[in-house]
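# Structure at a glance
These are the residues of each chain, in order.
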Amino acid sequence: MGIDKRAGYNAAMRWVILLLFLVAASPNTATPTVPANGDEPALESSEQTVKVTGETNDAKIAQRLREIYEASERYQGLTVDVRDGIVFLEGEAGTDEYKAWASELARKTEDVVAVVNNMSVTPAPVLETETISREVADLWKGFLRSLPLIGIGLLVLIACILLAGIIGRLLTLPLKQLTDSTLLRGVVRKLVAVLVILGGLYLFLRITGLTNIALTVVSGTGIIGLVIGFAFRDIAENFLASILISVQTPFQIGDVIEVTGYTGVVQKVTMRGTVLVDFDGNHIQIANATIYKSTIKNFTANPKLRLTFVVGIGYDASVKLAQDAALKVLQHHSAVLDDPEPTVLADNLGSSTINMKVYFWIDGSKHSGLKIKSSMIRLVVRALENAGISMPDDAREIIFPDGVPVRQVEEQTKPTVPSTPATIIDTAEEVTAGEGDLDSDVDDIRKQAQESRDPEEGRDILAESK
């Protein structure tokens, strides 16, 4: 818990540093701006004629123009020469606009006949350090002016961060009476805490004057949600499915379930998927969304398990005698439950056999269904053999290319079928002679699941919700 809080504080400080930078760069706190290209404001000439003091002559015209050009501070190495009313300009101008302005000003001067502008335009430097330093200075001044508002906004933001967890716990207290799921309460608590922190962030932006950014945060939350919903649709779907599984608990850790064609023991349920260990010892991870939307067969919820198998007897055999022989085996078997009682029924007619279906129930939490079925088939077949009941194979067509010789023999008396089956041996050794034991394999799989490596990191949400 301490690591989570420390990580939360570090993340909050990173957000604060980023917001301080945004405040410093905000246009609301900057000084009057200059043109985007970094040039100074353009010079504009008056529509009136430039007067020359006193009697007009070439020297006074040159002196008047030189004073105006020097006052503008836009030219380097400027020389102004006037001969017979013609103005000759030499030097360097910062831009083409300044060069044209110099010509226009000379033409509007009193008694000027013509203008010969031989100025050259100085190319702009690639990097203007003066502009950069001026921008940095403006940003620093704006930051200093915003310090009081930033301080108040930081206090509000920090208070919201500190109170987020407390408010989340207080608002989720009524959920304890509605659900026992620790996971669900934790998700709601974190959601409330995030909303409180977002509210504090919005107040911080409003207090510091970043209204546009604040509106972007509020209006962009829905857009961000849509983007995240499309980009992480599967992740969100599995997360919500994990919450529903933890609340409804269709199965528990250690239960034997069948879902989407896979059967195994539930080892773990994380935020992403459910891990099964099948009866071959393999780990199978299925997405929670698939688990929640699929049909789940839980073999552990009801420990009673019904097993069936089919045995065929000949048409010359007594169906009633075969039923009694099989039913006696079922009634004397230690693993077969008396309630519900076992049943032997004639199921269908085959090509050469009357097929009987044997139904019986066992306690699946104690015995292995595979072993019980194997033991039962072995004992029923032996009981039918002892009762003299034939169990022929399916009829097959056999072709003899050279024919079959026929020889007439004396009619023999057909053996009499005994009316009662032979005595069935029902000792423990006889019942488990071919299976070793009848214990369930589920406990072995559960032990393997506990000792095996987790295929993916993540907390077991079903264990937390108990």
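Conventions adopted
- Residues numbered from 1 in each chain as written.
- Predicted model: local features only at pLDDT ≥ 70, side-chain atom pairs only at ≥ 80, totals over all residues.
- Heavy atoms only, no water.
- Helix = DSSP H or I, 4+ residues; strand = E, 2+ residues; numbered from the N terminus.
- Buried < 20%, exposed > 50% of the residue type's maximum accessible area, 1.4 Å probe, protein only.
- Contact = heavy atoms within 4.5 Å.
- Areas by Shrake-Rupley, 256 points an atom, 1.4 Å probe, with all protein chains shown as cover.
- Pairing = 2+ DSSP bridges.
- Axes fitted to C-alpha atoms, helices over the stretch in contact; angles between N-to-C directions.
- Salt bridge = Lys/Arg side-chain N within 4 Å of Asp/Glu carboxyl O.
- Expected span 1.5 Å × (residues − 1).
- Core = buried A, V, L, I, M, F, W, Y, C linked by side-chain atoms within 4.5 Å.
- Polar contact = N/O pair within 3.5 Å; in protein donor to acceptor, adjacent residues only side chain to side chain.
- pLDDT = per-residue confidence, 0-100.
- Phe/Tyr/Trp six-rings, centres within 6.5 Å; stacked < 30°, edge-to-face > 60°.
- Lys NZ or Arg CZ within 6 Å of the ring centre and 35° of its normal.

### A word on the overall build of the protein
Along its length, the protein carries 14 helices and twelve strands. The burial tally for the protein puts 32% of its 466 residues in the buried class. In the protein, of all internal contacts separated by at least 6 residues, the share reaching a separation of at least 24 is 70%. Surface exposure of the protein reaches about 29400 Å², of which carbon and sulfur atoms provide 57%.

### Here we look at the pairing of strand β12 (residues 353-363)
Successive residues of a regular strand alternate their side chains across the two faces of the sheet. Among the eleven residues in β12, nine count as buried, and that is most of the element. Of the pairings in the sheet, the one linking strand β10 (residues 304-314) to β12 comprises eleven bridges and is antiparallel in character. If you follow Phe309 over to β12, its bridge partner there is Val358. Where strand β11 (residues 343-349) meets β12, six bridges bridge the pair, whose relative direction is antiparallel.

### Remarks on the sheet that holds β10
One open sheet holds the three strands; their spatial order is β10-β12-β11, and the pairing between them is antiparallel. Edge positions in the open sheet fall to β10 and β11, since each of these has one partner strand only. For this sheet the average axis-to-axis angle between neighbouring strands, irrespective of direction, equals 25°. In this fold helix α11 (residues 369-386) packs onto β10 and β12, with an angle of close to 30° to the strand it touches most, β10.

### Some points on the sheet that holds strand β9 (residues 296-298)
An order of β8-β7-β6-β5-β9 is seen for the five strands of this open sheet, with the pairing classed as antiparallel. Strands at the two margins of the open sheet, each flanked by one partner only, are β8 (283-287) and β9. Across the sheet, the mean angle from the axis of one strand to that of its neighbour is 40°, orientation sign disregarded. Taken together, the four bridges between strand β5 (residues 256-259) and strand β6 (residues 262-269) define a ladder with antiparallel strand orientation.

### Description of the pattern of salt bridges
One pass over the structure, following the stated rule, counts five salt bridges. A salt bridge links Lys108 to Glu104, with the shortest nitrogen-to-oxygen separation between them at 3.3 Å. We classify Glu104 as partly exposed; its relative accessible area is 30%. Residue Glu237 is joined to Lys293 by a salt bridge in which the shortest nitrogen-to-oxygen separation is 3.1 Å. Separated by 56 residues along the polypeptide, Glu237 in helix α8 (residues 233-248) and Lys293 in helix α9 (residues 288-293) bring together distant segments of the chain.

### Here we look at α11
Here α11 is 18 residues long and its end C-alpha atoms lie 26 Å apart, about the 26 Å a rise of 1.5 Å per residue gives. Just downstream of α11 lies Gly388, where phi reads positive at about 75°.

### As for the side chain of Gln323
Note that Gln323 resides in helix α10 (residues 319-332). Overall, Gln323 belongs to the buried group, its relative accessible area being 19%. The contacts of Gln323, once residues within four sequence positions are left out, are Val344, Leu345, Ala346 and Met356.

### Some points on the nonpolar core
Ile313, Phe360, Met376, Val380, Leu384 and Ile389 are the most contacted members of the largest nonpolar core, which has 27 residues in total. Apart from the residues within four sequence positions on either side, Ile389 is in contact with Ile313, Ala317, Ser318, Leu321, Ala322 and Leu384. Of all hydrophobic cores here, the second largest spans 18 residues; its members include Val82, Tyr98, Ala102 and Met119.

### Quick notes on the side chain of Thr208
In this structure, Thr208 sits in the loop between α6 (182-207) and α7 (211-231). In terms of polar contacts, Thr208 uses its side chain to reach the backbone carbonyl oxygen of Phe204, at 2.8 Å.

### Looking at the confidence of the model for the protein
Of the residues in the protein, 67% have a pLDDT of 70 or more, and the chain-wide mean is 76. Of all the helices and strands in the protein, helix α12 (residues 428-431) carries the lowest mean pLDDT, 53, while β12 carries the highest, 92. The model gives residues 419-428 a pLDDT under 50, and that stretch makes 16 contacts with residues more than four places away or in other chains.

### Comments concerning the packing of aromatic side chains
Two aromatic rings are characterised by how far apart their centres lie and by the angle between their planes. Taken as a whole, this structure holds three aromatic pairs when the rule is applied. Relative to Tyr75, the ring of Tyr69 has its centre 5.6 Å away and its plane inclined at 70°; by these criteria the two rings are edge-to-face. When sorted by exposure, Tyr69 lands in the same class as Tyr75, which is buried. Summarising the aromatic geometry, the rings of Phe309 and Phe360 are spaced 6.3 Å apart at their centres and angled 70° between planes, so their arrangement reads as edge-to-face. Within this pair, whereas Phe309 is found in strand β10, its partner Phe360 is found in strand β12, the two being separated by 51 residues in sequence. Using a relative accessible area of 7% as the deciding quantity, one classes Phe309 as buried. Taken together, the ring pairs in this structure connect Tyr69, Tyr75 and Trp101 into an aromatic cluster. The ring of Phe88 has Arg83 sitting right over it, with the charged end atom 4.0 Å from the ring centre.

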